[in-house]
Amino acid sequence: MTALRGVGAALAERLARLGVYRVADLLFVLPLRYEDRTRLSALGSLASGQRTAVEGEVQLTEVTYRGRRQLLCRIADGSGMLTLRFFYFSQSQQTNLARGTRLRCFGEVRRGPLGLEMVHPEYRRLGTLPAPLEETLTPIYPLTEGVPQGRLRALIAEALRELERDPPEELMPEGLVPGALPSLSEALRYLHHPPRDAQLEELAAGRHPAQRRLAFEELLAHHLALKLRRRSLRTEAAWPLHDAAQLAPRFLAALPFALTAAQAGARADVERDLAAATPMARLLQGDVGCGKTVVAAAAAARAAGSGVQAALMAPTELLAEQHWRNFRAWFQPLGEPVALLSGSQPARTRDSARRAIATGEVRLAIGTQALFQEGIEFARLGLVIVDEQHRFGVQQRLRLQEKGQRGGRAPHQLIMTATPIPRTLAMTAYADLDISVIDALPPGRTPVQTVVVPEPRRAEVVQRVVQSCRDGRQAYWVCPLIDESEELRAQAAEETAARLKEALPALQVGLVHGRMPARAKDAAMLAFQAGRIQLLVATTVIEVGVDVPNATLMVIENAERMGLAQLHQLRGRVGRGVGLSSCVLLYRAPLAPLARERLRVIRDCGDGFEIARRDLALRGPGELLGTRQTGLAQLKVADLVRDADLLPAVQSSAERLLAHEPHKAAALSARWIGGAERYGRVG
Ligand code: ADP
Ligand code: MG
C-alpha cells in the first residue's frame, strides 16, 4: 500500500477496512453513486430535490436568528434566485460572501421558508479566470472512518493513472465474457469516471455493461476459489469411517420412526463419503422440518462408532442446547456420552467439557462457535457438522474445517441449511461442496394454516391462544422486530410477556430472548418442551431449529417487517407433529405494497423453494434471500440475486478455465479475493 504516495501506516490501516491492501485494490472500490458537476443549472429552472451545480452573484448576505443563529446568502443569475443557508460559519466566511461576489455551488435544492435553497452547499468563489466544469461525472465512494471523500478520490485517481501505465492483465480469455461486455480496464475507467451522458439509472441499478463485466469476473473469481478449494481438499487425507461398533445402526433402530426415503437417500450419500479416505464436503439442504438432524446424528454416530470425534456446531445457544438434549437422549442409552460447549456455560462445566474433548473421552461434542475457539483442542476430530450454515459466514465454515486438521488428516464436513436457494445459486455459492437434498417432509404432516390479521384484532388472536392451550396444545408468540439492538428487543419481549401474563392468568407464560442468562433460557425451553409452559413469548432467537412438536400455534407480531425467508423459518417451528397447526401474522396498517405482497406469498405458500422463488422475484432492497443467506457476503460489485442470470455462464467459464488455463484461474481468484484470504488456502 505504501507504494502509493503519501499513504502512511494509519491511513493504510483505515483503507484496509475498505478491503484495500494493494494499489490495485483501490480500483475495485467502486462508487456508490455519481454527481453531475459537468453542467450548471439556471437558478430559474431549479426544482426541489435536484442535486446540481449552479452559479450566481451574491445579492445579500446576513446573519439571522430564526430559532437559531444562521447565515443566509442570496444569489441570483438573471434567471432566478437561490438562498444558501449555513448553520455553522465563520466570520471570514461571512466577509467572503460580500455582495457582488460570484459563486459556484453544488448541493441539494430544497424548498425553504424563503423559496428554494441549499443548506450547507459546497461552494467556491469565482475569480476573473475561467473556471472549467468537470468533464466526467463525479464518483461518490463508500466512506470509512478517517478516509475523507476527497482523499479517497485522489488516491483512486492516482491508481487509475497507474492503470494507464500498467493495465491489469486481462485474465478472461476471448469469448468467455457473455455479450458485448467491455474489457476490464475499460470497465474500471468507465465506472470511476463515467462520461457526462452516462445512463445514471442503469448505473444506479447495477445493470450497466461495465458493472456486469466486473460482476461476472467477481462471481467467476469466487466460484473458482471455491472450486480450487474443493480440489485441494480432495487431495487431503481423512479417516475412512467404518463404524465397527455399529453405533449408527443401533441409533436408527432405537428411533421411534423410520427414515423417510428422502432422508435415507441423503444418508446414503453421506455414508459413501464417510467411508472414503478423502474428506467429505457435503451440503445437506432441506426445508424446515424435513428432518435433517437425525441424518446428521447418524453421521455423528458413524464417526463415534469408528473411534473418532464428531462436533456439531449450531448458530445459537438455544439450538445447541436442544441438540445436546436430543443427542443425550439418543446416545446415552447406547453408552456414548455427549459433551456441550457453549459460550455462556459456567466456567467449571465448560472446563470439564473441554478436558473431555481434549483427551478424547467424549466423541460427540455439541456447541456454538465456542467449539472452535482458541483453547479448544480435539483429540481426534473426524467429522464436523454445521447446522443452519446460512447463519455463519463462509469464513467461519472454513476456519472450523482447518481446526480439525491434525496429523495430516482433515475432518469430514457436513453442512446443513434450510435455505431453499435455487440450484444455480447454490452451485455458485457452495461450489466447494457436494449437495444432497431432502425434498420431502416426514409423513403425517398437515400444512400450517396461515392467516393475516391486522393489529386491531389482537384480542381475537389472544383468545385463539387461550383456546389452543385449553385443548392441550402450546403456542409461540414472537415479539415485534426492533432493529435498534438486542437490548431493546429483549425489553420489548419482556413487556409483551408481562402484558400477555396479565391478560391470560390461567396460562403458564414463559419468555426467552437473547439477553437472558443461559440457564434461564435453558430452563424456559425445557419447561416449554416438557409442557409446563403453555405460551412461549420469544424474540426471533427461536427462528432456527427449535423443535417442540406439541406447539401448534405461532403468532408473529409485526410480520410486515420481516423478510420471507425469516417468516418461513419462524413458521417452521409449528406443524412438526401430527396435529393441525396454524400461524397468525399480525401486522400494523398501512401496508407498503411490497409488505402486502410478502404476506400474501407466505399465507398462500408453504413450500420453501416456491417461497424462495417468489422472494427472488419480489426482492426489494434489504431483502433476505441473496447474499446474506448464502455466505458470499462480501461481494464488491456482484449481487447474487440481481446478477443471477450470469451464473450459468460463470459456471461453464469456470470449468473451461480450470481445464485449459488453471494458472489464470488462480490469478483471477487472487485478484478479487486477494489479501483477505477469505477462502483460506487457495489452490
Ligand atoms: P430440520 O430439518 O428443520 O432440522 P428436524 O431435524 O428438527 O428438522 O426434524 C423435525 C421433526 O421431525 C423432529 O421432531 C424430528 O424428530 C421429526 N422427524 C424427523 N425425521 C422423521 C421421520 N422420518 N418420521 C417422523 N418424524 C421425523
Ligand atoms: Mg434443524
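Bear in mind that the values here come from a model prediction, so they are computed numbers and not experimental data.

1. A closer look at the pattern of salt bridges
Any two side chains of opposite charge can pair if their charged atoms end up close together. The full count for this structure, using the stated rule, is 38 salt bridges. The salt bridge involving D269 is made with R282; its shortest N-O contact spans 3.9 Å. Of this pair, D269 sits in helix α9 (residues 261-274) while R282 sits in strand β9 (residues 281-286); the two residues are 13 residues apart in sequence, bridging distant segments of the chain. Like R282, D269 is buried. One salt-bridge network, held together by shared partners, links R33, E35, R37, R51, E108 and E122.

2. Some details on the site of ligand 1
In the vicinity of ligand 1 lie 15 residues, with G289, K292, T293, R445 and D547 positioned nearest. Here A258 contributes a backbone N or O atom positioned 2.9 Å from a nitrogen atom of ligand 1. Here an oxygen atom of ligand 1 sits 2.8 Å away from a polar atom, N or O, in the side chain of K292. Bound to the protein, ligand 1 loses 86% of the 570 Å² it would expose on its own. Taken together, the residues that form the shell around ligand 1 break down as six nonpolar, five polar and four charged.

3. A closer look at the sheet that holds strand β12 (residues 364-367)
Strand order in the open sheet formed by seven strands is β11-β12-β10-β13-β14-β9-β15, and the pairing between neighbours is parallel. Single-partner strands in this sheet number two, and they are β11 (338-341) and β15 (434-438). Averaged over all neighbouring strand pairs, the angle between strand axes comes to 20 degrees, with direction disregarded. Each of β10 (309-313), β11 and β12 touches helix α11 (residues 317-331); the most contacted strand, β11, lies at about 170 degrees to it. The strands touched by helix α12 (residues 347-359) are β10, β11 and β12; relative to β11, the strand with the most contacts, the crossing angle is about 125 degrees.

4. Considering the environment of L82
Examined against the element boundaries, L82 turns out to sit in strand β4 (residues 81-86). The sequence separation of L82 and E55 amounts to 27 residues, and the corresponding C-alpha distance is 9.8 Å. Among residues more than four places away in sequence, those in contact with L82 are L43, L46, V54, C73, R74, I75, L116, E117 and M118.

5. As for the pairing of strand β2 (residues 51-66)
Note: β2 against strand β5 (residues 102-112), seven bridges, orientation antiparallel. Paired with E55 across the bridge in β5 is R104. As paired elements, β2 and strand β3 (residues 68-76) share nine bridges and run antiparallel to each other. Across the sheet, residue V58 finds its bridge partner in β3, namely I75.

6. Some remarks on the domain arrangement of the chain
Parsing the chain into structural domains produces domain 1 (9-35 + 139-198), domain 2 (46-133), domain 3 (247-438) and domain 4 (449-605). Between domain 2 and domain 3, the C-alpha centre-to-centre distance is 64 Å.

7. Things to note about empty space enclosed by the protein
Scanning the entire structure with this criterion turns up two cavities of 30 Å³ or more. Put simply, the largest cavity is a space of about 50 Å³. Going through the elements one at a time, β2 and β3 are the ones with two or more residues in the lining of the largest cavity. Counting residues per element, the lining of the largest cavity draws most heavily on β3, which supplies three residues.

8. What to know about the state of the cysteines
Applying the stated criterion across every chain, the model contains zero disulfides. No disulfide involves C469; its sulfur sits 15 Å from the nearest other cysteine sulfur, which is in C583. According to the relative accessible area criterion, C469 is buried, its value standing at 5%. Here C583 stays unpaired: no disulfide links it, and the sulfur of C605, its closest cysteine neighbor, is 13 Å away.

9. A look at the side chain of R85
Within the element layout of this structure, R85 appears in strand β4. In this structure the side chain of R85 is engaged in a polar contact, spanning 2.4 Å, whose partner is the side chain of Q70. Sequence-distant contacts of R85, defined by excluding residues within four places in its chain, comprise R66, Q70, L71, L72, P113, E117, M118, V119, H120 and P121.

10. Notes on helix α23 (residues 662-673)
If you check α23, its first and last C-alpha atoms are 16 Å apart, about what twelve residues at 1.5 Å a residue would give, namely 16 Å. Among the residues of α23, K664, A665, L668, S669, R671, W672 and I673 are the ones counted as buried. Check the buried side of α23 and you find it contacts α5 (184-192), α7 (209-234) and α22 (647-660).

11. Digging into the packing of helix α4 (residues 149-165) against α5
For the pair α4 and α5, the least separation of the axes is 11 Å and the interaxial angle reads 155 degrees. Taken together, the axes of α4 and α5 lie roughly antiparallel to each other. Pair α4 / α5 crosses with left-handed handedness. Residues I156, L160, L163 and E164 of α4 lie in contact with α5, whose contacting residues are S185, L188, R189 and H192. Grouping the amino acids of the contact of α4 with α5 by side-chain chemistry returns four nonpolar, two polar and two charged.

Reading the values: rules and limits
Residues numbered from 1 in each chain as written. Chains lettered and ligands numbered in written order. Predicted model: local features only at pLDDT ≥ 70, side-chain atom pairs only at ≥ 80, totals over all residues. Heavy atoms only, no water. Salt bridge = Lys/Arg side-chain N within 4 Å of Asp/Glu carboxyl O. Helix = DSSP H or I, 4+ residues; strand = E, 2+ residues; numbered from the N terminus. Buried < 20%, exposed > 50% of the residue type's maximum accessible area, 1.4 Å probe, protein only. Near = heavy atom within 4 Å. Polar contact = N/O pair within 3.5 Å; in protein donor to acceptor, adjacent residues only side chain to side chain. Areas by Shrake-Rupley, 256 points an atom, 1.4 Å probe, with all protein chains shown as cover. Nonpolar A, V, L, I, M, F, W, Y, C, P; charged D, E, K, R; others polar. Pairing = 2+ DSSP bridges. Axes fitted to C-alpha atoms, helices over the stretch in contact; angles between N-to-C directions. Contact = heavy atoms within 4.5 Å. Domains from an automatic or database assignment. 1 Å grid on protein atoms, 1.4 Å probe; cavity = no way out; pocket = protein on both sides within 12 Å on 5 of 7 lines; lining within 4 Å. Points joined across faces, edges and corners; volume = space filled by probe spheres on them. Disulfide = S-S within 2.5 Å. Expected span 1.5 Å × (residues − 1). Parallel < 35°, antiparallel > 145°, perpendicular 65-115°, else oblique. Left-handed = near helix turned anticlockwise from the far one by under 90°.

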